[in-house]
Amino acid sequence: MHYRDIVHNEKPGGIEKKVAAQIKAFNAAGLACDFIFCRQPETVASKILSCLPFMPDGVNWPDPQSMSDYSFIYIRRPRFASRELIRFIEKTKRVNPDIKIIYEIPTYPYDAEMKTPILYSALIKDRINRKKLRTNVNRAAILTDEEEVFGIKTVKIMNGIDLSRITPKEPASALDEVHIIAVACFERWHGLDRLIAGIIAYYQKPILRRKVVLHVAGTGSILGSLKRQVEAANLRENIIFHGYCDSEELDALYDRCSLAVESLGFHRRAGLSVSASLKSREYLAKGIPFVSANEVDVFIDNPVDFFQQIPSNEDPVDIKELLSFHDRLYASETPGGLIGRIRGFAETHVEMDKAMENVISYLDTIR
């Protein structure tokens, strides 16, 4: 059950692709999962209005009577827990007392992300209503290790992907120039300003041995300030903003690049130190090595040489260190061999059926 349409969306984002892959994993396990689209407010005005006290959330929750034949519901957390959500769950349980309800919380804790002027009233509503979830929700699906959240027992999941939708990249045509890719809907916590500052510092040195080009693919609220940062340094040819890229355009960019960047400002998000981002999974699926300023969950128990963690601070990224990491990898094996090895790691660790196996095991016990 999701509040973004994954069926008719011609430009699905990472979240839509994740939900589609979850449904595919459930169905492959014999759980016969349907997709239910719960339309949410779409205009800025309606979104703000839905956050206000005593106003409805504006989500088109299903008729509880339609849930009478289901054995389980898997709900991805909406923008905030509302009284309408609680009523839907309560009524569904009355209609179908045996139904199991799993409530996915893709980011936990999340309060810090909602402490903005627009969302703060929604946070208050969420804090009031989430306490009521424990009455009828059977499990909270989370990415972290807490055994209980909001009084609900948890089942651990991972962010996974459908590898059949992502083809491995082609080897970059030349490695004398280093092309780096960063893909996201960019916000302050992605820390791309640190990488841009590092490239600016690198090009200010009197002697340069290598050409470094950063390809920025995606949109986001912070993009305007990043572009101004590049314009001020007159580095438009070395830091290129491609905007939104469809799958073919993105594949072509990946093929040009031999290194990727995940988050460099994760420390700017309160309460979070380990990333489980969908982007890290996409990089693995494409077969491209990457760097980040935070730990990535899949590497904690599975250390690899194709990922490098750099300092988590506000300093500009040291480009010489990035190049050293890059060159060590490509000196030890062929580009094609490296791509295949990284892709193999993805197949073992982040395919969606692996990511959802705890939920599937739990649901198997109630069939």
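Not measured: the values here are computed from a predicted model.

Q: Which parts of the structure should I look at to understand the overall build of the protein?
A: A count of helical and extended segments in the protein gives 13 helices and 13 strands. Against the globule reference of 21 Å for 367 residues, the protein gives a C-alpha radius of gyration of 22 Å, in line with a compact fold. Taken over the C-alpha atoms alone, the protein extends approximately 70 × 45 × 35 Å along its principal axes. For the protein, buried positions account for 49% of its 367 residues. Between the mean site of the 49 positive side-chain charges and the mean site of the 49 negative ones, the protein shows a separation of 5 Å.

Q: Mind showing me how you'd approach the nonpolar core here?
A: Generally speaking, a soluble globular protein has its nonpolar side chains buried in company with each other. Ranked by size, the top nonpolar core spans 59 residues in total, and within it L195, L214 and L284 carry the most contacts. Discounting residues that sit within four places of it in the chain, L195 has contacts with L214, V261, L264, V317, I319 and L322. I36, C38, F88 and Y103 belong to the second-largest nonpolar core, a separate cluster that totals 29 residues.

Q: What am I meant to see in the state of the cysteines here?
A: By definition, a disulfide links two cysteine residues through a covalent bond between their sulfur atoms. Across all of its chains, the model carries zero disulfides by this definition. Between C38, a cysteine without a disulfide, and C33, which holds the nearest cysteine sulfur, the sulfur-to-sulfur distance is 12 Å. The class of C38 is buried, set by a relative accessible area of 1%. Counting only cysteine sulfurs, C245 is the nearest neighbor of C185, a cysteine outside any disulfide, at a range of 13 Å.

Q: Help me understand the sheet that holds strand β7 (residues 212-217), please; the structure alone is not making it clear to me.
A: Strand pairing within a sheet occurs via backbone hydrogen bonds; the two strands may be parallel or antiparallel. Within the open sheet, the six strands sit side by side as β8-β7-β6-β9-β11-β13. Their pairing is parallel. Each edge of the open sheet is held by one strand with a lone partner, namely β8 (239-243) and β13 (307-309). The average undirected angle you get between the axes of adjacent strands in this sheet is 25°. Bridge count for β7 against β8 is four bridges, and the pairing is parallel. In the strand pairing of β8, A217 is matched with G243. Across the sheet, helix α5 (residues 192-203) lies against β6 (178-183), β7, β8 and β9 (259-261), angled at about 155° from β7, the strand it touches most. Contacts from helix α8 (residues 278-286) reach β6, β9 and β11 (290-292) within the one sheet, and its direction differs from that of β6 by about 140°.

Q: Before we go on, may I ask you to explain the pattern of salt bridges in this structure?
A: As a working rule, side chains carrying opposite charge can pair if their charged atoms are close by. Across all of its chains, the model carries 20 salt bridges by this definition. Here D162 ties to K24 by a salt bridge, and the two come within 3.1 Å at their closest N and O atoms. Placement of D162 in the loop between β5 (152-156) and β6 and of K24 in helix α1 (residues 14-28) is noted, with a sequence separation of 138 residues between them. Its relative accessible area of 11% is what places D162 among the buried residues. On the basis of relative accessibility, which here comes to 42%, the residue K24 falls in the partly exposed class. The salt bridge partner of R210 is D327, with a shortest N-O separation of 2.9 Å. Of this pair, R210 sits in the loop between α5 and β7 while D327 sits in helix α10 (residues 319-332), placing them 117 residues apart in sequence. Here D327 falls in the partly exposed class, since its relative accessible area comes to 30%. One connected set of salt bridges, linked through shared partners, spans R77, D111, D126, R127 and R130.

Q: What's the story with the sheet that holds strand β4 (residues 148-149) in this structure? I'm lost.
A: With respect to topology, five strands assemble into an open sheet ordered β1-β2-β3-β5-β4, the strand pairing being mixed. Lying at the two open borders of the sheet, with one neighbouring strand each, are β1 (72-76) and β4. Sheet topology places β4 next to β5; two bridges connect them, and they run antiparallel. Within the sheet, the bridge partner assigned to E148 lies in β5 and is K153. Most of the contacts of helix α3 (residues 83-95) go to β1, to which it runs at about 175°, and overall it touches β1 and β2 (100-105).

Q: I'm lost on the packing of aromatic side chains in this one. Help?
A: To describe a pair of aromatic rings, one takes the distance between the centres and the angle between the planes. Inspection of the entire model under this criterion finds 16 aromatic pairs. When the centroid spacing of 6.3 Å and the interplanar angle of 80° are considered together, the rings of Y110 and F150 count as edge-to-face. One end of the pair, Y110, is in the loop between β2 and α4 (120-130); the other, F150, is in the loop between β4 and β5, with 40 residues separating them in the sequence. The exposure classification of Y110 matches that of F150, with both residues buried. Through a chain of ring-to-ring contacts, the aromatic side chains of Y254, Y283, F290, F299, F306, F307 and F345 assemble into a single cluster. Here the basic side chain of R77 rests over the ring of Y110, its NZ or CZ set 3.7 Å away from the ring centre.

Q: Looking at this structure, I do not really get the pairing of β5. What am I missing?
A: Every regular strand shows the same layout, with side chains that alternate between the two sheet faces. Looking at chain direction, strand β3 (residues 139-142) and β5 are connected through three bridges and run parallel. If you follow A140 over to β5, its bridge partner there is T154.

Q: Could you clarify how one ought to interpret α3 in this entry?
A: For α3, with 13 residues, the first-to-last C-alpha span of 18 Å sits near the 18 Å given by 1.5 Å per residue. For α3, the complete set of buried residues consists of E84, L85, I86, F88, I89, T92 and K93. On the buried face of α3, the contacting elements are β1, β2 and α4.

Q: When you look at the packing of α5 against helix α6 (residues 223-233) in this model, what are you seeing that I'm missing?
A: Working note: a packed helix pair is described by the angle between its axes plus the distance between those axes. Following both chains from N to C, one finds α5 and α6 inclined at 5°, their axes separated by 10 Å at the closest point. With respect to α6, the axis of α5 lies roughly parallel. In this structure, α5 uses L192, D193, I196, A197 and I200 to contact α6, whose residues at the interface are L226, Q229, V230 and A233. Considered class by class, the residues forming the contact of α5 with α6 number seven nonpolar, one polar and one charged.

What counts, and where the lines are drawn
- Residues numbered from 1 in each chain as written.
- Predicted model: local features only at pLDDT ≥ 70, side-chain atom pairs only at ≥ 80, totals over all residues.
- Heavy atoms only, no water.
- Helix = DSSP H or I, 4+ residues; strand = E, 2+ residues; numbered from the N terminus.
- Rg over C-alpha atoms; globule rule 2.2 N^0.38 Å.
- Buried < 20%, exposed > 50% of the residue type's maximum accessible area, 1.4 Å probe, protein only.
- Lys, Arg positive; Asp, Glu negative; His and termini not counted.
- Charge placed at Lys NZ, Arg CZ, Asp CG, Glu CD.
- Core = buried A, V, L, I, M, F, W, Y, C linked by side-chain atoms within 4.5 Å.
- Contact = heavy atoms within 4.5 Å.
- Disulfide = S-S within 2.5 Å.
- Pairing = 2+ DSSP bridges.
- Axes fitted to C-alpha atoms, helices over the stretch in contact; angles between N-to-C directions.
- Salt bridge = Lys/Arg side-chain N within 4 Å of Asp/Glu carboxyl O.
- Phe/Tyr/Trp six-rings, centres within 6.5 Å; stacked < 30°, edge-to-face > 60°.
- Lys NZ or Arg CZ within 6 Å of the ring centre and 35° of its normal.
- Expected span 1.5 Å × (residues − 1).
- Parallel < 35°, antiparallel > 145°, perpendicular 65-115°, else oblique.
- Nonpolar A, V, L, I, M, F, W, Y, C, P; charged D, E, K, R; others polar.

What is shown is where atoms sit, not what they do.
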